Amino acid sequence: MCGIIGYTGYSEARGILLKGLKTLEYRGYDSAGVAVYHPDFRQTLVTKCKGRVEDLMERCDDVKGVTGIGHTRWATHGGVSDENSHPHKFGRVTLVHNGIIENYEAIRGTLNIADRLRSQTDSEIAAALIDRQFKGDPIAAISSAVKKLTGTYAFAVMFDDIPDTIYAVRNVSPIVCCKNEDGAYIASDIMAIGEYSDEYFVLPEFTIAKITKDGYEIVDFNGKPVEPEILKLDWDIRNSGKGGYPFYMEKEIFEQPTVIEKTISSRIVDSLPDFTNEGVDESIFTKCDNISIIACGTAMHAGLIGKQLIESICHIPVSVHMASEYMYSNPIVNDKSLVISVSQSGETIDTLEALKYAKRKGAMTLSIVNVRGSSIARESDNVIYTDAGPEIAVASTKAYTTQLSVFYLVTAKMAQLRGIFTTDEVNAFIDELKKIPDAVRDVLDRAQDVHHLSNAMLTAEHTFMIGRGLDYPALLEASLKLKEISYIHSEAFASGELKHGTIALITSGTPVIALLTQENLVSKQVSNIREVQSRGANVITLVRRSLITDDIECSFELPDLRDEFMVVPAVVATQLLAYYVSSDKGLDVDKPRNLAKVVTVE
């Protein structure tokens, strides 16, 4: 959730740090700060404040030096204030911190420093602990200090006595590093530093990096050198701007045909699914007798679609778990279980911890993530990367549809390997999958028709969504999008459940979005639409083109695909609907209140 940036080199650090913090804004934050070693004063000076990076910039005119660290904070310990903002300085040590230190109160008591603390944060306690351990050897001080900590952390640390040097260490929370001829860079997210080099590495857990203008050295806690795995950016960071769109979310919605095509085309050979390039052990698809999908939010909704696809086609029982509850629900998991973790960032802490739990229980693991080298990718035995590219808007769009694309491929591969599909049937399934990008283009070409529909929802306080079969989990995602960015209370229901209580909420003028794409459920869904219309609901119907009849009032035509694949164009239409409601209300579409892009604390 919080963001870290660091630089040491031959240029002024201020501009690099502030630019990095601006890039990290999408992760969510409520305060920001920088700390730069000042050569004249021979110490690290801190400038920080609550509010936006723009507020911080106004205070940074006098910031000088070529080595510094910066931070965007999302409050966890201590309220939103200048004092609780990062960086924190205690004695000779200045640091920024992502994560949560669970035993900070006990450490504070042992240090006997209550009268010297300036904040209410666990992070300042960590700075004080490192300062107490520092006897001239920074590696030894950091190693000794972090061994006393319980919780998660990514630290970037500077010492007044050691100019032009940054130290980094992590446990769970990510740190990435790169270098070029102008210096060396660290960040919590490759987005912040990817423009400086297309090669980078993820700092291994429980190692310490010494970063200077000429590069880096990494050692473990015993002082043994460690060679990191060098990764290569597989997308151009320079293309991560808005590209002329008013918001990142709109740009990312319109990128979906391209990224879906990229995701599936690289994994299809002769109209058959192929994971050779990923090195996926195909035996996981035949050895398992049950599947658990663990994810959060939008990724979990993708998992719900995956569940229906796999169960209905491959006849394997699939359970979908909220990652935050997985470990605490005594799940059924063993060496016959395939656990599929889904995460855009690959850093979602609940999903990561659930994955580790499943591995300890002996499960086979597969992860679907968007970021190479991320924590979930590194923890998983098998990984399939989506090719969504950088997703900046907090509300996920293209990451979701590329996750769905991978679930289609996984379903086809399982059906092929288990002999459920003949080769011709797999070919037909894949050929239909390849039609999705054009179906999405069809929806996007008529985006203004969706915009027109959004006008009916601008003043709504409550909205309900109804659908059957795959339409129901698709609407769970549609409802989440509307809630996230427009702040309209929205709930999605399986249409057949209306009569079991939910219909009591329908009053005259209530907006109801009805999705109708499943051919074998048309008559039942039409009946449910009539039920809410008879109670005075204002119904917006999204209907698959071939299912439109005189008996069905259609608000927006969806292109034709087989039932299993209709969820993608349907969801894209609802993404547009949510986007236009939010933008027409004058809200910050990309950065909705109280939300963060990457959730790295439990």
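Everything quoted here is computed from the prediction, not taken from an experiment.

Draft legend 1. How the structure looks around the overall build of the protein. Secondary structure summary: the protein contains 19 helices and 26 strands in total. Over its C-alpha trace the protein gives a radius of gyration of 25 Å, about what one expects of a compact globule, namely 25 Å for 602 residues. Projected onto its principal axes, the C-alpha coordinates of the protein cover approximately 80 × 50 × 45 Å. Across the protein, the fraction of contacts at a sequence separation of at least 24, relative to all contacts at a separation of at least 6, is 73%.

Draft legend 2. A look at empty space enclosed by the protein. Counting across every chain of the model gives six cavities of 30 Å³ or more. Looking at the largest cavity, its volume works out to about 270 Å³. Grouping the amino acids of the lining of the largest cavity by side-chain chemistry returns eleven nonpolar, seven polar and five charged.

Draft legend 3. Spatial organisation of the packing of aromatic side chains. Under the defined criterion, the tally for this structure stands at 17 aromatic pairs. Here phenylalanine 134 and phenylalanine 159 contribute two aromatic rings whose centre-to-centre distance is 4.6 Å and whose plane-to-plane angle is 45°, an arrangement assigned as tilted. With phenylalanine 134 in the loop between helix 4 (122–133) and helix 5 (138–146) and phenylalanine 159 in strand 7 (residues 151–159), the pair connects residues that are 25 residues apart, well separated along the chain. Within the aromatic cluster, the residues linked to one another by ring pairs are Tyr408, Phe421, Phe429 and Phe565.

Draft legend 4. Main features of the environment of arginine 92. Looking at the element boundaries, arginine 92 is found in the loop between strand 5 (88–90) and strand 6 (93–101). For the pair arginine 92 and threonine 44, spaced 48 residues apart in sequence, the C-alpha to C-alpha distance is 8.5 Å. Filtering out sequence-adjacent residues up to four positions away, arginine 92 remains in contact with Asp131, Phe134, Met158, Phe159, Asp160 and Asp161. Reaching out from arginine 92, the side chain makes a polar contact with the backbone oxygen of phenylalanine 134 at a distance of 3.3 Å.

Draft legend 5. Molecular detail of the packing of helix 9 (residues 297–314) against helix 13 (residues 398–417). The contact between helix 9 and helix 13 brings their axes to 9 Å, and the two run at 20°. One finds that helix 9 runs roughly parallel with respect to helix 13. Note that helix 9 runs across helix 13; the crossing there is right-handed. Residue-level inspection shows Thr298, Ala299, His301, Ala302, Gly303, Ile305, Gly306, Leu309, Ile310, Ile313 and Cys314 of helix 9 in contact with helix 13, the latter providing Tyr400, Gln403, Leu404, Phe407, Tyr408, Thr411, Met414 and Ala415.

Draft legend 6. Broad picture of the nonpolar core. In terms of nonpolar packing, the biggest core is built from 93 residues, with Ile291 and Tyr408 touching the most fellow members. Among the elements that take part in this core, helix 19 (residues 567–584) stands out by supplying twelve residues, more than any other. Not counting residues within four places of it along the chain, the set of residues in contact with isoleucine 291 comprises Ile310, Ile316, Pro317, Val318, Ser319, Leu338, Ile340 and Met414. One finds Phe90, Leu117, Val146 and Ile162 within the second-largest nonpolar core, a separate group that totals 30 residues.

About the cut-offs
Residues numbered from 1 in each chain as written. Predicted model: local features only at pLDDT ≥ 70, side-chain atom pairs only at ≥ 80, totals over all residues. Heavy atoms only, no water. Helix = DSSP H or I, 4+ residues; strand = E, 2+ residues; numbered from the N terminus. Rg over C-alpha atoms; globule rule 2.2 N^0.38 Å. Contact = heavy atoms within 4.5 Å. 1 Å grid on protein atoms, 1.4 Å probe; cavity = no way out; pocket = protein on both sides within 12 Å on 5 of 7 lines; lining within 4 Å. Points joined across faces, edges and corners; volume = space filled by probe spheres on them. Nonpolar A, V, L, I, M, F, W, Y, C, P; charged D, E, K, R; others polar. Phe/Tyr/Trp six-rings, centres within 6.5 Å; stacked < 30°, edge-to-face > 60°. Polar contact = N/O pair within 3.5 Å; in protein donor to acceptor, adjacent residues only side chain to side chain. Axes fitted to C-alpha atoms, helices over the stretch in contact; angles between N-to-C directions. Parallel < 35°, antiparallel > 145°, perpendicular 65-115°, else oblique. Left-handed = near helix turned anticlockwise from the far one by under 90°. Core = buried A, V, L, I, M, F, W, Y, C linked by side-chain atoms within 4.5 Å. Buried < 20%, exposed > 50% of the residue type's maximum accessible area, 1.4 Å probe, protein only.

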